[in-house]
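Analysis of the macromolecular model
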Amino acid sequence: MPPILAIVILYGLGLTASMQVGLIGPIAPDLRAGFGLSQAEFGLVASLITAAGALTAIPTGVWAARAGLRKSLVLGCVMMITGATIFATANVSTLLYVGRLVTSIGYLLIVVGAPSWMAGFNNPKLVAMAMSIWGTFIPVGIALGNWVSAAMVVWLDWRLAVGACTLPILILLPFLAMMENPPTPTVRKSLTVGVMGVLKSRPALKVALTFSAFAGATSAALAFMPAMMVDNLDIGIALAAGIIGTTAIAGNIVGSIGAGMALGRQIPGRSILVIFLPVMAAAIGTLFISNNMMLSLVALVIFNIGQGAVAGTCFALLPGIAKGGLSMPALQGMLAQFAEIFVVIVPPLTGAMIDHNGWTGAAGILAGFYFTGFLISALKSPMRRATA
């Protein structure tokens, strides 16, 4: 199979995983009404997609490297289908939580295994291109999930929205079985050695902590954004999802490509993060308190450009860090675990702030997490440039 086709398949798996995050915003009103959920309880439903990663992502990355990336990805696809089925057929809120927990296992295996497979290509230029593309899988997948979910909710039912956002897995799974196995590492580290190796790396820790603050805030922002726009701008859920999805795809592509070009010109990744994280804090704060359509659109575009720049930079830094003798799956697991701890925590906190202080409370807490990411990235400890 040509490497380009392999990249398309792996990226498609990543998009489908992120669609599980994006689908939750448009169905929020139906879930809250049907199951009697508070904003904080809905925030927990949204955040549980990354619960498995919050607990086990680093050891899962080490296990994936030892067991084989194909096996881990196939298992991830099966778990995602199973979790979506439980969630879509739930008749009590407990099953909503169970379904999201099972889905989170599949999500974790895909987001660890797919980029690690890409990083194993022999052509360094192909690796650089693949990782740059992978840097957009979260926002683009979330945008697609928003679009599909909103359309299904308007015309059909929220349960069918869950199924529609999981359907690509069934299409991609046979192609995954046809792909040539990536090279197996010649040195197969034990679980303890693999975990401790990435935890002792200061550049890896810095990237992971920066990305975690960013990811937690972004997950919460996108989960509540459709409902916020409906309330603040007096528009329908389908229009809100369309605006969010369109600006997310366009803005993230611009931000990711721009960050890649900057890194290619030897601009340090730290500089990119220091610029864009406070910009994102200002943009999200403005967006969640604005009642003006034009101001909201400008803030949303700026926010999405920042997403692409920050995510693309963090992912692009990992192959350079891995050249220091670290396992790429373990590094991906570290990035996922640190991020997903925040993704589990931040949406319920944001929901609680909305319950007590409305959308202004959400603006404050989300901006605070982006600014925290800025403070971490601004520290003058080593952060390697992307060398690919």
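Overview of the structure. (Residues numbered from 1 in each chain as written. Predicted model: local features only at pLDDT ≥ 70, side-chain atom pairs only at ≥ 80, totals over all residues. Heavy atoms only, no water.)

**Considering helix 9 (residues 158-178)**
Largest kink in helix 9: about 35 degrees, centred on Leu 172, with the proline Pro 174 one to four residues after it. When we look at burial in helix 9, the residues that qualify are Trp 158, Ala 161, Val 162, Cys 165, Thr 166, Ile 169, Leu 172 and Leu 176. Looking at the packing, one finds that the buried side of helix 9 touches helix 1 (3-22), helix 2 (28-35), helix 5 (69-88), helix 6 (93-119) and helix 8 (137-155). A distance of 2.8 Å separates the backbone nitrogen of Arg 159 from a side-chain oxygen at the start of helix 9, and that oxygen is part of Asp 157. (Bend = angle between axes of the 7 residues up to and from the residue. Helix = DSSP H or I, 4+ residues; strand = E, 2+ residues; numbered from the N terminus. Buried < 20%, exposed > 50% of the residue type's maximum accessible area, 1.4 Å probe, protein only. Contact = heavy atoms within 4.5 Å. Polar contact = N/O pair within 3.5 Å; in protein donor to acceptor, adjacent residues only side chain to side chain.)

**What about the environment of Ile 249?**
Turning to its location among the elements, Ile 249 is positioned in helix 12 (residues 237-264). Every residue in contact with Ile 249, bar those within four places of it in the chain, is listed here: Val 140, Ala 143, Leu 144 and Trp 147.

**Examining a nonpolar patch on the surface**
Taken together, the side chains of Leu 167, Leu 170, Ile 171, Phe 175 and Met 178 present a nonpolar region at the surface, about 520 Å² in accessible area. Note that Met 178 resides in helix 9. (Patch = residues over 30% accessible without salt bridge, like charges linked within 9 Å, V, L, I, M, F, W, Y side chains within 5 Å. Areas by Shrake-Rupley, 256 points an atom, 1.4 Å probe, with all protein chains shown as cover. Salt bridge = Lys/Arg side-chain N within 4 Å of Asp/Glu carboxyl O.)

**Some points on helix 11 (residues 202-233)**
Given a rise of 1.5 Å per residue, 32 residues ought to cover 46 Å, and the 44 Å separating the end C-alpha atoms of helix 11 matches this to within 8%. Along helix 11, the sharpest change in direction is near 45 degrees and occurs at Met 225; proline Pro 226 comes one to four residues later. Just downstream of helix 11, Asp 234 is the residue with a positive phi angle, here 55 degrees. (Expected span 1.5 Å × (residues − 1).)

**Points about unusual backbone geometry**
Leave glycine aside and you will find that most residues have negative phi; peptide bonds, for their part, are mostly trans. For Asp 234, which is not glycine, the phi dihedral falls at a positive 55 degrees. Of note, Asp 234 is situated in the loop between helix 11 and helix 12. On the basis of relative accessibility, which here comes to 71%, the residue Asp 234 falls in the exposed class.

**Quick word on the nonpolar core**
One finds Ile 24, Ile 27, Leu 31, Phe 211, Met 225, Ile 284 and Phe 288 to be the most contacted residues of the largest nonpolar core, which totals 115 residues. The element best represented in this core is helix 15 (residues 328-378), accounting for 17 residues. Here this core spans two domains, since at least three of its residues come from each of domain 1 (1-185) and domain 2 (189-381). Once residues within four sequence positions are removed from consideration, Met 225 is found in contact with Ile 244, Ile 284, Leu 287, Phe 288, Leu 300 and Phe 303. (Core = buried A, V, L, I, M, F, W, Y, C linked by side-chain atoms within 4.5 Å. Domains from an automatic or database assignment.)

**Focus on the side chain of Thr 313**
The residue Thr 313 is located in helix 14 (residues 293-322) in this model. Judged by relative accessible area, Thr 313 falls into the buried class, the value being 0%. At a separation of 2.7 Å, a polar atom in the side chain of Thr 313 contacts the main-chain carbonyl oxygen of Ala 309. The contacts of Thr 313, once residues within four sequence positions are left out, are Ala 259, Leu 263, Gly 269, Ile 272 and Leu 273.

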